[in-house]
Amino acid sequence: MVVGGFSIVVIALIVLVILVLFAGIKTVPQGYRYTVQRFGRYTRTLEPGLNLIVPFIETVGARMNVMEQVLSVPTQEVITKDNASISADAVAFFQVLNAAQAAYQITNLENAILNLTKTNIRSVMGSMDLDELLSNRDMINERLLRVVDEAAEPWGIKMTRVEIKDIQPPKDLVDAMARQMKAEREKRAQVLEAEGLRNAQILRAEGAKQAAVLQAEGQREAAFRNAEARERLAEAEAKATRVVSEAIAEGNVQAINYFIAQKYTEALTAIGSAGNSKVVLMPVEASSIIGSLGGIGAIAREVFGDNGDGNGAPQPSRPRSGTVRTTPSVNPLPSRES
């Protein structure tokens, strides 16, 4: 019986040691931190892996998840700075950096973060106009993150991101914004159309101006060319007159006949080509014109020679049979149109 009682004591001691070992060995998984309390007071934090504590004296207090976590912020009503009522929801990401502070500085950490985020959403978005809310969502997220992170820092957590998921204005406000956008686009289209018409008129005016300038330059050039042509014609006329005058001075009567016949022919050509004359009756004999042409032939024979001997000796002109050389009448009868 003594041996049997000793064996029981030994077995009990072995079991007690095993229980003590199991009570003192703690395995912490990756991504978690365990706080250790000695008689209810925090002493240290257990890192991931195998850890030893004093059994029955030290106990595990809080098992904190130090991985990044996400909280969904429910939809809530927000009154903007310009008294517009909107609905907004968000999502918040946080990570525990100090397990002891997160365990002992705040009760119900996730609920605290959720209410803190909701409060700051109403505060930040309520200080902005509706147009700013709809167009500056990145600025809203940045302000929310900064404010919530500063408020949650004593809790040993880090707010990594706060994002506004959706902003829903009232339906009547959305309709009003749609009408405003349509009116703005129509206004922009009218402005662009007016600018296009103005530019087109300016371009047309510039084109007309350039055309007028070019036309004026062309007229000036044409006038210059006409004046030059008239000048050359006058020079040729003066030269011809000088030559005839010299021939008259030398006593050449045929030069006089040539000059008078030329002017007479030009006058007849001008009268015959007049646009307002259909029939011209003049007391002009055919022999007068032939006589004038005879004077021209005589001058040509004097210049080039009649017999081809090349000496240029003048030959007396012989009137052809049937022709009478006459000079033009000095005072012809006036013409009559019919």
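Small disclaimer: the values here were computed from a predicted structure and weren't measured.

## Some remarks on the overall build of the protein chain
Point 1. Secondary structure assignment for the protein chain yields eight helices and 10 strands.
Point 2. Of the roughly 23,400 Å² that the protein chain leaves accessible, carbon and sulfur atoms contribute 58%.

## Focus: the sheet that holds strand E5 (residues 58–65)
Point 1. Spatially, E3-E2-E5 is the arrangement adopted by the three strands of the open sheet, whose pairing is antiparallel. With one partner strand each, in any of the chains shown, strand E3 (41–46) and E5 form the two edges of the open sheet. The average angle at which neighbouring strand axes cross in this sheet is 30°, direction not considered.
Point 2. Bridge analysis of strand E2 (residues 32–38) against E5 gives six bridges, and the strand direction is antiparallel.

## What about the environment of Val162?
Point 1. Within the element layout of this structure, Val162 appears in strand E8 (residues 157–168).
Point 2. Its relative accessible area of 2% is what places Val162 among the buried residues.
Point 3. Separated by 13 residues in sequence, Val162 and Asp149 have C-alpha atoms that sit 9.5 Å apart.
Point 4. In contact with Val162, not counting residues within four places along its chain, are Val91, Ala92, Thr117, Asn141, Leu144 and Leu145.

## Thoughts on the confidence of the model for the protein chain
Point 1. Of all residues in the protein chain, 75% have pLDDT values of 70 or greater, and the mean over the chain is 79.
Point 2. Averaged over each element, pLDDT in the protein chain is lowest for strand E10 (residues 336–337) (38) and highest for E2 (94).

## Brief notes about the UniProt feature "coiled-coil region" (unreviewed entry) in the protein chain
Point 1. Under the feature "coiled-coil region" (unreviewed entry), the UniProt entry names residues 219–246.
Point 2. Note that residues 219–246 is 100% helix and 0% strand, and that its end C-alpha atoms are spaced 40 Å apart.

## A closer look at the pairing of strand E7 (residues 85–96)
Point 1. Burial runs high along E7: nine of the 12 residues are buried.
Point 2. In the sheet, strand E6 (residues 69–79) pairs with E7 via nine bridges, with the strands oriented antiparallel. Counted as the bridge partner of Val70 is Phe93 from E7.
Point 3. Hairpin connection of E6 to E7: five residues between the antiparallel strands, including Asn83 at a positive phi of 65°.
Point 4. In this sheet, E8 lies alongside E7 in antiparallel orientation, the contact comprising 10 bridges. Paired with Val96 across the two strands is Ile157, which belongs to E8.

## What to know about the sheet that holds E7
Point 1. With respect to topology, three strands assemble into an open sheet ordered E6-E7-E8, the strand pairing being antiparallel. If you trace the sheet from one side to the other, it starts and ends with E6 and E8, each paired once. Each strand axis lies, on average, 20° off the axis of its neighbour in the sheet, ignoring direction.
Point 2. Across the sheet, helix H3 (residues 109–126) touches E6, E7 and E8, and the angle it forms with E6 is around 35°.

## Quick look at the packing of aromatic side chains
Point 1. With the rule as written, the count across this model stands at one aromatic pair.
Point 2. Ring geometry for Tyr42 and Tyr104: centres 5.7 Å apart, planes at 55°, overall tilted. Taken as a pair, Tyr42 in strand E3 and Tyr104 in helix H2 (residues 99–104) lie far apart in primary sequence, 62 residues in all.
Point 3. Relative accessible area serves as the criterion here: at 33%, Tyr42 is assigned to the partly exposed category.
Point 4. One cation-aromatic arrangement involves Arg63 over Tyr34; the distance from NZ or CZ to the ring centre is 4.9 Å.

## What about unusual backbone geometry?
Point 1. Of note in the backbone geometry, Phe56 takes a positive phi value of approximately 65° without being a glycine.
Point 2. Assignment of secondary structure puts Phe56 in the loop between strand E4 (49–52) and E5.
Point 3. With relative accessibility at 68%, the residue Phe56 sits in the exposed group.
Point 4. Positive phi outside glycine occurs at Asn83, with the angle close to 65°.
Point 5. Along the polypeptide, Asn83 turns up in the loop between E6 and E7.
Point 6. Given the relative accessible area of 67%, Asn83 is considered exposed.

## Section: helix H5 (residues 137–152)
Point 1. For H5, with 16 residues, the first-to-last C-alpha span of 22 Å sits near the 22 Å given by 1.5 Å per residue.
Point 2. Residues Ile140, Asn141, Leu144, Val148, Asp149 and Ala152 constitute the buried set of H5. Projected down its long axis, H5 shows its buried positions confined to an angular sector of 150°, all on one face.

The rules behind these values
- Residues numbered from 1 in each chain as written.
- Predicted model: local features only at pLDDT ≥ 70, side-chain atom pairs only at ≥ 80, totals over all residues.
- Heavy atoms only, no water.
- Helix = DSSP H or I, 4+ residues; strand = E, 2+ residues; numbered from the N terminus.
- Areas by Shrake-Rupley, 256 points an atom, 1.4 Å probe, with all protein chains shown as cover.
- Pairing = 2+ DSSP bridges.
- Axes fitted to C-alpha atoms, helices over the stretch in contact; angles between N-to-C directions.
- Buried < 20%, exposed > 50% of the residue type's maximum accessible area, 1.4 Å probe, protein only.
- Contact = heavy atoms within 4.5 Å.
- pLDDT = per-residue confidence, 0-100.
- UniProt positions renumbered as here; feature names shortened; annotations may be inferred.
- Phe/Tyr/Trp six-rings, centres within 6.5 Å; stacked < 30°, edge-to-face > 60°.
- Lys NZ or Arg CZ within 6 Å of the ring centre and 35° of its normal.
- Expected span 1.5 Å × (residues − 1).
- Arc of directions from axis to C-beta.

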